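Working through the structure, step by step
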Amino acid sequence: MIDFITLCDYVGTFAFAISGIRLASAKKFDWFGAYVVGVVTAVGGGTIRDVLLNATPFWMMQLSYLVISGLALLFVLIFRKYVVRLNNTFFIFDAIGLGLFAVVGIAKTLEFGFPMWVAIVMGTITGAFGGMMRDILINEEPLIFRKDIYALACVFGGLIYYICVCLDVPLYFTQFVSAVSVFIARVVAVKYHISLPALKGEE
Amino acid sequence: MIDFITLCDYVGTFAFAISGIRLASAKKFDWFGAYVVGVVTAVGGGTIRDVLLNATPFWMMQLSYLVISGLALLFVLIFRKYVVRLNNTFFIFDAIGLGLFAVVGIAKTLEFGFPMWVAIVMGTITGAFGGMMRDILINEEPLIFRKDIYALACVFGGLIYYICVCLDVPLYFTQFVSAVSVFIARVVAVKYHISLPALKGEE
Amino acid sequence: MIDFITLCDYVGTFAFAISGIRLASAKKFDWFGAYVVGVVTAVGGGTIRDVLLNATPFWMMQLSYLVISGLALLFVLIFRKYVVRLNNTFFIFDAIGLGLFAVVGIAKTLEFGFPMWVAIVMGTITGAFGGMMRDILINEEPLIFRKDIYALACVFGGLIYYICVCLDVPLYFTQFVSAVSVFIARVVAVKYHISLPALKGEE
């Protein structure tokens, strides 16, 4: 089980880093700048969570996150021409990462003794704020605020997590179901173009 | 006294959230994105303060701040057409919030054992950095850096706080006078169009 | 030795604040807004480092950093016309600050018991993320991601630090050599227009 979770974690980190590096490259950032944006996209959400929880940021405990982001940079450098064709693959990887990150954020917050609603907020931050920081760094309006169901998929997964906890579902199964819910919500939303209405401006 | 303070806290939170939601709606953010911007505007300054003080962010201790931000979203959704007419009301609410937030920031920092100058900085951060984070999220140059007297009103209130402390004024009266000073400084600055000169660029 | 280090620290703080204030003035920020940008540029990198290390931000322990940023504001206000002519001087000051900040970040992180690779990351954050926050505040794409060798000079200095540690070089000499390496890397990169290639966008 641990191995499968670790794999999903790395797949998600890779996909998040790729998305940061690609958007940075569209802005003509240099290699190192693109790498920084990739890292921030991959670990930014979890870092904000850990700072708010007053925990040591997770990526400072093991080198793998920076290494995987480096591999993502290499991947984009080497397979530049083919990256576009892999859009669907990256989308799936990204959705896997979103689901896993959300559940990791929820579980960690509950371990720290916070109530469920804080955990759901932290799951959403873990999943979605890396992309938000990416968009701030490349000076664009955050996509997550206008794009299909993204952050909201994390909230949905959090509610599923809560229901499972109320029903005394075993922990691992709760986490599995919750992560899969995020994944499905995200995939279904994109496939059927489901999105929240925009708030019409009055001014 | 507690009740009056709590009321002001909620009024300020509501007004700050409204300002975030309105600016997000002008950018065509979706409902959830607008809600996130509203929450960040309302609790962002206090969160930075708490992170710098190494305290658990205040909004993670009670649900009310997220709920009030949700009410602000509902309010904007329902009373869309009338929101503009309420500009003056929101301005007053916002100024009340600014005064209260600044004083809360000062008091909490002093409780943590920091000297007065740190407390004044933290009061200013509590009052003004939520608006700064809002402007970063919607990808605009921060308004507080160019608009009338805003952050500076918090500094002014901090100096009043300091003078009261030096004069041995009772704590509650000190806080009341300080918050009112921020409020008045803000209202007078806007009413009489008082603002700091812009720094002329040389390059 | 302490005195020389403190001097470099102040020189770096002054130069970083000047760069923030000048870019803010180009955006017509008011005096206080420009001051805030100056302070964030000067202390922002070290603040992120301290938050990640779970330490009290360094500038909250002594008033000097805010005072030096205030002097930088005064300097820009008074010598507005002559500031452009001093570009080379500011560049040297900035490079001195970069070297010192990077080494301070590395040393502090090692004191907290983290491994060398975390220290190198923290040195880079200390040196380069103040400028990144400056660019976010003034709503520009971060320069450090596209400009010559900047953040990478900090990484280079960190590697030199690591080599010195492996060779059992005395601590003060290690720190001196490391800071000088950052300085030289930065100056050489600018003088000979050495920069990383931009990542070509594929989309």
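Going by the structure above, here's the rest.
Source: prediction; values computed, not measured.

With that out of the way, let us pick up the relation of the copies chain C and chain B. Take chain C, turn it by 120°, move it 0.0 Å along the axis, and it overlays chain B with an RMSD of 0.0 Å. The two molecules are tied by a three-fold rotation axis, judged by turn and shift. Of all interface residues in chain C, a mere 11% are interface residues in chain B too; the two copies therefore contact each other through different surfaces.

It is worth spelling out the environment of C:A128 at this point. Here C:A128 shows up in helix α6 (residues 116-137). Those residues in contact with C:A128, other than ones at most four positions away along the chain, are C:I144, C:Y150 and C:A151.

Turning our eyes to something else, we now look at α6(C). All names here are of chain C. The first and last C-alpha atoms of α6 sit 31 Å apart over 22 residues, in line with the 32 Å expected at 1.5 Å per residue. Considering bend angle alone, the principal kink of α6 is centred on A128 and spans about 45°. Taken across its 22 residues, α6 has 19 buried, putting it largely inside the fold. The first or second residue beyond α6 is N139, which carries a positive phi of 60°.

With respect to the secondary-structure elements, C:A151 resides in helix α7 (residues 151-166). Between the C-alpha atoms of C:A151 and C:F129, which are 22 residues apart in sequence, the distance is 8.4 Å. Not counting chain neighbours up to four residues away, the residues in contact with C:A151 comprise A:F32, C:T124 and C:A128.

Side chains that differ in sign of charge can pair as their charged atoms come close. What the rule picks out here adds up to 15 salt bridges over all chains. Put simply, B:R49 and B:D50 hold a salt bridge, and the shortest N to O gap is 3.0 Å. Accessibility expressed as a relative area gives 3% for B:R49, which makes it buried. Linked through salt bridges whose partners overlap, the residues forming this network are A:K27, A:E140 and C:E141.

Definitions and cut-offs
Residues numbered from 1 in each chain as written. Chains lettered and ligands numbered in written order. Predicted model: local features only at pLDDT ≥ 70, side-chain atom pairs only at ≥ 80, totals over all residues. Heavy atoms only, no water. Least-squares fit on C-alpha atoms with pLDDT ≥ 70 in both. Contact = heavy atoms within 4.5 Å. Helix = DSSP H or I, 4+ residues; strand = E, 2+ residues; numbered from the N terminus. Expected span 1.5 Å × (residues − 1). Bend = angle between axes of the 7 residues up to and from the residue. Buried < 20%, exposed > 50% of the residue type's maximum accessible area, 1.4 Å probe, protein only. Salt bridge = Lys/Arg side-chain N within 4 Å of Asp/Glu carboxyl O.

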